[in-house]
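# Notes for the structure review
For reference, the chains in residue letters:
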Amino acid sequence: MTVETNPLLTPSPLPYAVPDYGRIRAEHYLPAFRQGFDEQLAEIRRITMARSMPTFENTMEALERSGELLDRVAHAFYTVSSADATAEIQAIDEELAPLMAAHHDAILLNAALYWRISQLHAQLGVLPLEPEQRRLVERWHREMTLAGAALDDEAKVRLTDLNQRLSSLSATFEKNLLADTNELAVVFEDPAELDGLSAGELSAAARAAAERGLDGGYLIALPLFTGHPALAVLTNRESRRRIMEASRSRGSRGGEHDNRGVLSEIVALRAERAALLGYPSHAAAVTADETAGTPEAVERMLRDLAAPAARNAETERAALQQLIDETEDEPFPLEAHDWAYYTEKLRTARYDIDTAALRAWFEAERVLQDGVFAAAGRLYGLSFQERPDLPVYHPGARTFEVFQEDGSPLGLYVLDLYTRDSKRGGAWMNEIVSQSALRGTKPVVANNLNVARPADGEPTLLTLDEVNTLFHEFGHALHGLFSDVTYPHFSGTEVFRDFVEFPSQVNEMWMLWPDIVGAYARHHATGEPLPSDVIARLQATETFNQGFETSEYLAAAWLDQALHALRAGMRIDDVAAFEANALVDIGLADPAVPTRYSSAYFAHIFAGGYSAGYYSYIWSEVLDADTVEWFRENGGLTRANGERFRRRLLAVGGSQDPLEAYRGFRGRDAEIAPLLKRRGLDA
């Protein structure tokens, strides 16, 4: 009997080196990770033990070549752990978390490696390096310094302990959130309770209940954020209340999945780590290496935007309350679970737009092919061919080969559209294989959404928000696909956190671009296009409900900053009270406008890479809104415009300073006026 070879230990023979998920089993991951750790540490030892003085080739280039096995395994595993986190995968993730943290520290805190890089950094003025090589030295030196490479040995030991514990806590937070989100999915017995849902939505809820093993009934799963798309259409107020209450109680209702103690410890340990590194707070440590620079710069922006956003939300609240008073037989005070429902009624009254009815024009496959892909074709010359022959990590994922205008292959794009219990909430892009000329790899990128799957034979009809999300996430995918760098350190979306959302936000503009929306927005049954006057009215609603949407976002961004402004030795004993005080401080303590994420289910900052960085969406939106103005001023959806945006911004990844790259594209720094106009904050 032969022992099967672990398929992760050798480069994949498949096109684009895509992982052979058909052969990979859960038990393969940990042994492959351990071998990857050993191999990279051996490679680092060879670098640091070299008797010759540091050169770019024997230090930086050797460092970038190291860890190929580990990178290959990590990309394969973390794709699965976020999109198909079975109990077995979750157990591996929990065991792996401190091991990964320890491994990263073994490199970033390596005194001998830091010495060699510091020697090169001190000679940057005279070394004959290309711009990308020069930036590689600068970034490694900066990142190692910020990570604590210059600390003494005792401090490094404590730092390593902190990093491992924090890594484990983040894995626990994510596991708790997934479990509690699944447990809190709301079950309805009578379809009358879900009046307002379309037949397709009702069938999706029935299918979800059946997949849970429920005998009849309808299950409404919860998204990652506080609200829910169904709140906009459900006529039964009690049903809306139940959904909102379930959403807001995640991770904070006691029991084994309560995240309040977990997040309190995370915040305290992050503050201690920041102090160890010489920063007054975790927020200061994070922003020191972002375009914002300091927490004070972030605070100024958030406070400047919060006041007008709150005023606009109050005006919107008054209009909604008036609608309730005029239309309900027994009027009641507007509450959080009512906002979306009456907002849609008001939108219909003012603009004659029923966003729920629009779903009939947004069939998912047509949106993908004639919308998202078509815009990329018009702008960048791309074409897409489905590759069902290539293995995927889950049967729900689909793979497309991406070709450039001249027919040459660019990479692979994976779309995983539907929600399932093993997939974390929200939507995201991740790289399965990163582009690097040094390693000879082309990009393989994935987009994950959480769209409810309808019953067999019925079309998948997207909400307006889901269409927007698909365009947004594909913008991240383009960032990864267009990467054209030498060193893996700079590949694709390896940019500052408060810049990474910029390309994805720009890609949203094509959703309602006349030539694009006219092609994909067709009635799924009749093929009739969405009337042009409806499209015009949709475009006219750009600032509608922006007081609410801006306020709920800013509240979450401020909460993130407040949590991470704490200093070493401070601890949060009452999470709810802390949140309430923080929202009063920023002027966004409106019960009818809850924060987009409360702490106990704020995965971005406790189980993702956005700690003290959730502000980055609005920070990047300054660049985004300014870029949209540039496209409009220069002819819009043209190949010339696409090529300029691709070459000067998307292709460079992290190999250039992002603001310098933006100036090279725009000819000047970004201006905030387009953002204020877009969000109705310029009055």
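Up top you'll find the structure we're talking about.
This report concerns the structure included in the present document. Everything numeric here is computed off the predicted structure, so don't read it as measured data.

Our focus in this paragraph is the packing of aromatic side chains. What describes a pair of aromatic rings is the distance from one ring centre to the other and the angle between the planes of the rings. Applying the stated criterion to the full structure yields 40 aromatic pairs. Their ring planes at 85° and their centres at 5.7 Å tell us that Phe33 and Phe77 sit as a pair that is edge-to-face. Taken together, the residues Phe33 in helix H1 (residues 26-48) and Phe77 in helix H3 (residues 68-83) connect sequence positions 44 residues apart. Since its relative accessible area comes to 0%, Phe77 is described here as buried. Seen in terms of ring centroids, Tyr662 and Phe665 are 6.1 Å apart; in terms of plane orientation they differ by 55°. Their pairing is tilted. Note that Tyr662 and Phe665 are positioned in helix H24 (residues 658-666) at a spacing of 3 residues, about one turn of the helix. There is no split in this pair, since Tyr662 and Phe665 are both buried.

Glancing now at empty space enclosed by the protein. Under the counting rule described, the total for this entry stands at 3 cavities of 30 Å³ or more. Roughly 100 Å³ of volume is contained in the largest cavity. Surrounding the largest cavity, Ser81, Ser82, Ala85, Gln90, Asp93, Glu94, Ala171, Glu174, Lys175, Leu178 and Arg424 form its lining. Where the lining of the largest cavity is concerned, the elements lending two or more residues are H3, helix H4 (87-108) and helix H7 (153-183). The element that contributes the greatest number of residues to the lining of the largest cavity is H7, accounting for 4 residues. In terms of residue class, the lining of the largest cavity is built from 3 nonpolar, 3 polar and 5 charged.

Criteria and thresholds
- Residues numbered from 1 in each chain as written.
- Predicted model: local features only at pLDDT ≥ 70, side-chain atom pairs only at ≥ 80, totals over all residues.
- Heavy atoms only, no water.
- Phe/Tyr/Trp six-rings, centres within 6.5 Å; stacked < 30°, edge-to-face > 60°.
- Helix = DSSP H or I, 4+ residues; strand = E, 2+ residues; numbered from the N terminus.
- Buried < 20%, exposed > 50% of the residue type's maximum accessible area, 1.4 Å probe, protein only.
- 1 Å grid on protein atoms, 1.4 Å probe; cavity = no way out; pocket = protein on both sides within 12 Å on 5 of 7 lines; lining within 4 Å.
- Points joined across faces, edges and corners; volume = space filled by probe spheres on them.
- Nonpolar A, V, L, I, M, F, W, Y, C, P; charged D, E, K, R; others polar.

Keep in mind that these numbers describe shape and distance, not what the molecule does.
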